[in-house]
Amino acid sequence: MSRRTAAGLGVVIAALAALDVLGFLSGSEHHGGFWNSVPLGDLALGVLGAGVLVWFAKRILKRLLSRPESYYDGAN
Amino acid sequence: MSALFLHPAFWLFAGVLVVFANRRRMPGVPVGVIVALGALLALVRGVEGTLETTVAGFRLVWFHADRLSLLFALVFAIVALLGFLYGSHRMRAGETVAALLYAGSAIATVLAGDWITFFVFWEAMALSSLALIWQGGTAGARRAGMRYLLVHATGGALLFAGIALHLAGGGETSLGALASDAPPFWLILGAVAINAAIPPLHAWLTDAYPEASTSGSVFLSAFTTKTAVYALLRLFPGTEILVPLGAAMALYGVVFAVIENDIRRLLGYHIVSQVGYMVAAVGIGTPLALNGAASHAFSHILYKALLFMGAGAAIEATGLRRLSDLGGISRQMRFAVAMYAVGALSISGAPLFNGFISKSMIVSAAGEEHLLWTELLLTLAAVGTFLSVGLKLPWFAFFGERRGVAVRPLPTNLLAAMGIGGGLCLLYGLLPNLLYSRLPYLATYAPYTLDHVVSTAQLLLATGFVFYLARKTLTPSPGLALDTDWLYRIPLARAVSATTRALAGVGPVVRTLRGEAVTRLDAAARRLAAPGAPPRRRESFAFRASIGWTVLFAAVAVVITWIMVWLRNPG
Amino acid sequence: MRDVLPGLLVALPLMGAALVPLLAALSRRTTRAAALGLHAAILAAALGLFGSAAADGPIRYAVGGWPGPWGIELWFDGLSTLIAVLVAGMACFASFAQTFGADRNGAAPASTPLREGLLRGALLLLVGGLLGIVATRDVFNLFVFLEISSLAAYTLVASGEGRGAVAAFRYLLAGTAAGSLYLFGVGFLYALTGTLNMDDLAARLPSVEADAALTVAVVLIAVGLSIKAALFPLHGWLPDTYVYTPTPAAGFIAAVMAKVSAYALLRLLGEVLAGTTAGAVVLEITLWLGILGVLVGGILAVAQRAVTRMLAWSSISAMGMILIGVGMGSALAITGALFHMAAHALAKGCLFFGAGGIRTSEDGDEPGRWAGLGSRAPWTLAALTVAALSMIGIPPTAGFFSKYYLLSASIEAGGPAGIAAFAAIILSSLLATVYFLRVLEAAWFRTPGDAPDVAGDPASRPPGPVLPRPLAVPVVGLAVLVLLTGIFARPFERHVLPDWESGTARISAPAP
């Protein structure tokens, strides 16, 4: 990742955090989970969730369930 | 008679006759486009009302239009129009007839007002979709179609049993929410769950949809599962078991999509995932959640058809269907890729696209009911959706390294259909009230609030970040992943063939044993009568044994009956 | 009219059976016209009796003017006239179909006018025997007609090429065993009560209820008729017989022959012997064997590689279903059983005419041989598809409604038998979906090139249409009837099927 991309990403994340706080302060009615009430909580959840998803699918499920494409050829 | 023209399915069924009569002279597709347009016009005014006919003593409510059924019928007609436009350069008469019947019976199912009409068109939908799959024309399509048939015949049998029990128990003849304490409830729920592709009953979908033709899978992606969502809304609103099922389903599809290599099967897993949102919403059962389910079905049909069109465009252009074979073709099909991107952003729930206005409604409804786990799972599923459909599929199929894949130019009608589909996704995303004003239940919702937009942006950003880090790990490789279809493709198939072999074997075995017994008795009798005479040939005993068997059966039957008679009135 | 038609109904086919082979000496056309005309006249007589029984109540007819219980009586109520119409109607289609194969050049014996005349005579004799079974009110007379119909059927089965003679011999052994057992049973009954007239028997039976010999009599009668009705596990003769019979006769035999025996079972066990404990017990056993037959027939139909053999096993499944209805014995169950008799006769006749013709035209019996027929003969295949959908039970075909009534009856009956019957009927629909769709898929969605299970070159098939007119007309006609019966299921049930009041076991005429 180049320096400029990283800087741009930092700016975007900072802006999102600010908007998060703003939305929190504006006191709009809110029923969501706790991760909605923490600044950048969704970002953290997204990174964590996507990471776990990739890890689980690619490292565990794929090992368990992957078969060669000819697996069913003899069956119906 | 004028009432007939009001029914949108009438247009599609009439189209079948026109195509069939001219099957050798003209391509069927202009007819498809025209009659789908007719169906659409019949629906746009949105006339509510009920029309019924008493046929042969049965009261058949064949047109029952309220806001819920009209919403589904409208989007069905739209997607039928798009599908015929999309496929018009390659669809022959057979496929057009199957697609017309399929679309027509899906519309007629959601407009059915009584159980019998509903069942008739539900079955017609299963058979015509099967015909559409078989039109794929390959050996793979044929075998997948047989498995599809097996699953849907089971579903049809469950539905038939459920309706028979319901009506025999004095149930209402008109469609309505079912009481949950009776067997019909569970039988019908099972049938609908099969069509809604709720795991572990979902494998027919990911098995069969990729095997249809490119235009066939556009139709398939729209009707069967969404008719099941309609049935859930109509018959099972607020059934609590659907909440965990739907949430698990949303995540299940996403996880399998991560490791999938076939582009249309990947999209099929995302049908399972997206229908999971709707199933969970039906289970939550508040007016907001039910509106969410209905509107998400509406949005889903549009963007999923668009995504399948995009995948089909890649297949049409290259003849390849695996992510591991594709790559580096975006320059030669920019418009199709752009429209695919619209669909991908819609399914990911990005603001300004139509997925956002309906998906956020369901997540909010879960939040309002304090269903923390449901909300969490649905949020994670949204992350995974963007990861697979929004990033992985386009990256490896359209962008990525160039492999020197030959790309044919795409026909105009195909691009036009994609353009209209993309335009609709944007239109509903930008003007949500176009959809909200047609929703059936009383609940208001504002999608574009600050916190919705910000949290969605954070989730999408985080997903993109993870994809960037893990793009090497996510590189697809050839191979298939086992799913629940394994259960009937290997163990069940083996059990059935073993059973039939055993049953077919019983006859000869019994005959041989009997023949053996008769031979010995016969030989013994002969030895007594004429010692030293040669034994007789075997063949005649097969015939004699069948008489022996009958007499034996009669004797056993006499004894059993006599015992039972004696038990009933001893002495 | 009421005093002429009953005699005509039985006498016409028997006299015709003697007359038609003689006409063969004149010309083929005369033979055909005479046979078809006779069948039409029989159908008209049956319809007339049906209408008369519906309008003015059951008809009792004393043969030769000798009244019962000494003379032989014929009895026409809603039930027997319904079956008579079914038999006579199917016979018209079969007679029309008998032109098929009769003038095929090559196979020498099949093409002689005399042989055609004899086969037409055999069909008339078979119809006469079956109508006699349906009409008679005398249990010994029923045996006589049973034997007449059997003899005619053996002739028709044996006229098939290849293994037809072997199949006929096995059928003969099973049929002889059946007839003998039935006759033993009747003998016991006569010894016990001193009468053979059904009404008289029903009146006298209560006085001998305690006698163990009654049990033996009832079981022997039931076993004898069950063999002819192909009740599991006495179905062994059926597959070979249906497969090796020449197509026109197979369509008729598969459609109505076993059903007439099921009718006799219903008449005797459900009405005449209904008051006895043994009769009730036997009906219960019949119910359970019917459930087993539905499942075994369906599973083995899935296992078959040849289309006609698959249809034969599907018939065993269907007979199980009819006998489930007979075994349950409630008014609703009998309605379902009779509805299924009609629906299955129409659909299975259609399918056997079609599959038999295709077996000849495509020179083979595997589903792969049907590849591409959908585009070559769309209307014929559409008709066969309708019949197959009826066998599966897809609305609005007749088969859907017959299963619907049987399912309702199972729910009404309740208990383990009701639940088992319900599950078996549902499962049989599922199995039928699998085995019929396999064939339809080949017909509509494959081209002859990609049919891997066909040995040899598709170009080597004989020229000519898929189904010649003698078979195409019955196929399409029967498919239309299947659809009409389904669409007008409610009026059919109300006005055509008889009322059956269990318990009192009186069969009243259908409501006008």
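To start, this report covers the structure provided alongside it. (Residues numbered from 1 in each chain as written. Chains lettered and ligands numbered in written order. Predicted model: local features only at pLDDT ≥ 70, side-chain atom pairs only at ≥ 80, totals over all residues. Heavy atoms only, no water.)

Concerning the nonpolar core
One recurring pattern in soluble globular proteins: nonpolar side chains tend to sit buried together.
Item 1. If you look at the biggest cluster of nonpolar residues, it comprises 400 residues, and the most contacted ones within it are F72, F223 and F236 of chain B together with F252, W370 and F436 of chain C.
Item 2. At 20 residues, helix α14 (residues 287-318) of chain B tops the list of elements feeding residues into this core. (Core = buried A, V, L, I, M, F, W, Y, C linked by side-chain atoms within 4.5 Å. Buried < 20%, exposed > 50% of the residue type's maximum accessible area, 1.4 Å probe, protein only. Helix = DSSP H or I, 4+ residues; strand = E, 2+ residues; numbered from the N terminus.)

Some words on empty space enclosed by the protein
Item 1. Tallied over the full model, the rule gives 10 cavities of 30 Å³ or more.
Item 2. Roughly 210 Å³ of internal volume is contained in the largest cavity.
Item 3. Looking at the largest cavity, it is lined by 18 residues, and the ones nearest its centre are E123 and A153 of chain B together with I392, I394 and T433 of chain C.
Item 4. Counting residues per element, the ones that place at least two in the lining of the largest cavity are α6 (115-134) and α7 (139-168) of chain B together with α17 (415-445) of chain C.
Item 5. Broken down by element, the lining of the largest cavity gets its largest block of residues, seven residues, from α7 of chain B.
Item 6. Looking at the lining of the largest cavity, its residues break down into 12 nonpolar, five polar and one charged. (1 Å grid on protein atoms, 1.4 Å probe; cavity = no way out; pocket = protein on both sides within 12 Å on 5 of 7 lines; lining within 4 Å. Points joined across faces, edges and corners; volume = space filled by probe spheres on them. Nonpolar A, V, L, I, M, F, W, Y, C, P; charged D, E, K, R; others polar.)

Looking at the interface of chain C and chain B
Item 1. Between chain C and chain B, the residue contacts involve 55 residues of the former and 47 residues of the latter.
Item 2. Both faces considered, chain C and chain B share a buried interface measuring about 4700 Å² in area, 82% of it formed by carbon and sulfur atoms.
Item 3. For the interface between chain C and chain B, the tally reads two salt bridges.
Item 4. Linking E441 of chain C and R142 of chain B is a salt bridge whose minimum nitrogen-to-oxygen distance equals 3.6 Å.
Item 5. The interface formed by chain C and chain B holds one residue pair in polar contact (both at pLDDT 80 or more) in total.
Item 6. Going through the elements one at a time, α6 (164-193), α8 (212-228), α11 (277-303), α15 (378-392), α16 (398-413), α17 and α19 (489-496) of chain C are the ones with two or more residues in the side of chain C that touches chain B.
Item 7. Considering each element in turn, the side of chain C that touches chain B owes the most residues, 11 residues, to α11 of chain C.
Item 8. Residue composition of the side of chain C that touches chain B, by class: 42 nonpolar, four polar and nine charged. (Contact = heavy atoms within 4.5 Å. Buried area = accessible area lost by both parts, 1.4 Å probe. Salt bridge = Lys/Arg side-chain N within 4 Å of Asp/Glu carboxyl O. Polar contact = N/O pair within 3.5 Å; in protein donor to acceptor, adjacent residues only side chain to side chain.)

A closer look at the interface of chain B and chain A
Item 1. With 47 residues of chain B in contact, the opposing surface of chain A contributes 44 residues.
Item 2. The largest share of the area that chain B buries against chain A comes from Q458, L480 and L482 of chain B, three residues that together contribute 16% of it.
Item 3. Counting across the interface, chain B meets chain A through one salt bridge.
Item 4. The partner of E69 of chain A in a salt bridge is R322 of chain B, with the nearest N and O atoms 2.8 Å apart.
Item 5. Taken together, the links from chain B to chain A amount to eight residue pairs in polar contact (both at pLDDT 80 or more).
Item 6. Counting only elements with at least two residues in the side of chain B that touches chain A, the list comes to α7, α12 (242-258), α16 (354-368), α17 (372-397), α20 (450-470), β3 (480-481) and α21 (485-489) of chain B.
Item 7. It is α20 of chain B that provides the largest number of residues to the side of chain B that touches chain A, a total of 13 residues.

Regarding the state of the cysteines
Item 1. Under the defined criterion, the tally for this structure stands at zero disulfides over all chains.
Item 2. A disulfide-free cysteine, C92 of chain C has its sulfur positioned 16 Å from the sulfur of C350 of chain C, the nearest such atom. (Disulfide = S-S within 2.5 Å.)

Observations regarding unusual backbone geometry
Item 1. The residue after P199 of chain B, namely P200 of chain B, is reached through a cis peptide bond having omega 5°.
Item 2. If you trace the backbone, P200 of chain B turns up in the loop between α8 (183-195) and α9 (203-208).
Item 3. Phi angles above zero are rare outside glycine, and H370 of chain B is one such case at about 60°.
Item 4. Its location among the elements puts H370 of chain B in the loop between α16 and α17.
Item 5. Taking the relative accessible area as the measure of exposure, H370 of chain B reaches 62% and is therefore exposed.
Item 6. Located in the positive-phi region is A230 of chain C, a residue other than glycine, with phi close to 60°.

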